[in-house]
Amino acid sequence: MPRIKLRDIELSYTVDDYTDPWKRAPWVLLHHSAVGSARRWYGWVPHLARSYRVLRYDVRGHGDSTWPSQNAHFTLDTFVDDVAAILDALDIPRIHFVGASGGGIVGLKFAHAYPERTRSLTLVASTPRLSESQVDLSKWGQLLQEHGVKGWLMADSQARFGNAPDGLVEWFTDEGARTSVKVAKAYTSYMATVDLTHLLPEIKAKTLILAAEEDEITPMHVQKGMRDTMPNARLITYGDVGHNIKVLIPDQLARDTLEFLQDVDKMEDLTLGFVDC
């Protein structure tokens, strides 16, 4: 994967584009969650990349992206600045932002900070306030320290996956273990302090919320609260799946997201829209 140098780090990214080359298709950004990587969107790309130019990247400290060697810490503004910087570097004016879990938290902040660059927002098992989780977040740091990233993910695998297909949990946790314990602890401990509920009424972007009915990390009452508070939000729920719906039912979620994106684009003046897509 190519890399872009941004301030104190290098971000690893990929562009998936199977659109008609004589057309200027809109862009979709897929933003992964904690201890994830761009590879976790594998099941979404075939559905989206025929109609949209798809940008995926590894968040700082995750996957193949680097992490500052000195005085490193996470802030939501840093995540948002990284998004804006990679868009600038690739000359992308506007995006459909799709964020999973922690990536959705970044998406909320980005849509608020950059409404002119947000074509739409899709939140996949996300939340404006992780502290509303029904799992004990205070144990995450200890689990990470004692058992590593893979052990931490496995500790609440039922809440994350439910009845997952054979091989999925092993692959998912191995992929997560590419992130160091230091980065995982810094990311999760910081995200647990974030509260964006006061911003929700001010986010005007058309928003799709995809929620798992068995999700204990970003529970259903949080999803309904976002739908009821955000001016242009709609909610789709999925039964018998846990928090990691992005990889549990990727085809269904990608199809629903594609339909939403196309509806958003139809509602815009396409002549003007494709000028700044």
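Structure: see above.
Calculation rules
Residues numbered from 1 in each chain as written. Predicted model: local features only at pLDDT ≥ 70, side-chain atom pairs only at ≥ 80, totals over all residues. Heavy atoms only, no water. Buried < 20%, exposed > 50% of the residue type's maximum accessible area, 1.4 Å probe, protein only. Helix = DSSP H or I, 4+ residues; strand = E, 2+ residues; numbered from the N terminus. Pairing = 2+ DSSP bridges. Polar contact = N/O pair within 3.5 Å; in protein donor to acceptor, adjacent residues only side chain to side chain. Contact = heavy atoms within 4.5 Å. Phe/Tyr/Trp six-rings, centres within 6.5 Å; stacked < 30°, edge-to-face > 60°. Lys NZ or Arg CZ within 6 Å of the ring centre and 35° of its normal.

## Some points on the pairing of strand E3 (residues 27-31)
1) Next: In terms of burial, E3 is a largely internal element, 5 of the 5 residues being buried.
2) Next: Side chains Trp27, Leu29 and His31 of E3 all project onto a buried face; the interleaved residues Val28 and Leu30 project onto the opposite face, where all are buried too.
3) Next: Pairing between E3 and strand E4 (residues 53-57): 5 bridges, direction parallel. Bridging across to E4, valine 28 finds its partner in valine 54.
4) Next: In this structure, E3 lies alongside strand E5 (residues 95-100), joined through 4 bridges in parallel fashion. Residue leucine 30 lies in a different strand from E5, and its bridge partner there is valine 98.

## Considerations on the side chain of threonine 78
1) Next: When you line up the elements, threonine 78 lands in helix H2 (residues 76-89).
2) Next: Only 2.7 Å separates the side chain of threonine 78 from the side chain of threonine 75, close enough to count as a polar contact.
3) Next: In this structure threonine 78 touches Arg7 and Arg60, once residues within four positions along its chain are discounted.

## A look at the packing of aromatic side chains
1) Next: Tallied over the entire structure, the rule returns 10 aromatic pairs.
2) Next: A centroid spacing of 5.0 Å and a plane angle of 80° characterise the contact between phenylalanine 161 and phenylalanine 172, whose relative ring orientation is edge-to-face. With phenylalanine 161 in helix H5 (residues 157-161) and phenylalanine 172 in helix H6 (residues 168-176), this residue pair connects regions lying 11 residues apart in the sequence.
3) Next: The exposure class of phenylalanine 161 is buried, given its relative accessible area of 1%.
4) Next: Three or more aromatic residues joined by ring pairs form one cluster here, namely Trp67, Phe74, Phe79 and Tyr187.
5) Next: Above the ring of tryptophan 152, the side-chain terminus of arginine 160 is found at 4.7 Å from the ring centroid.
6) Next: Between lysine 246 and the ring centre of tryptophan 41, over which it is positioned, the NZ or CZ distance is 4.6 Å.

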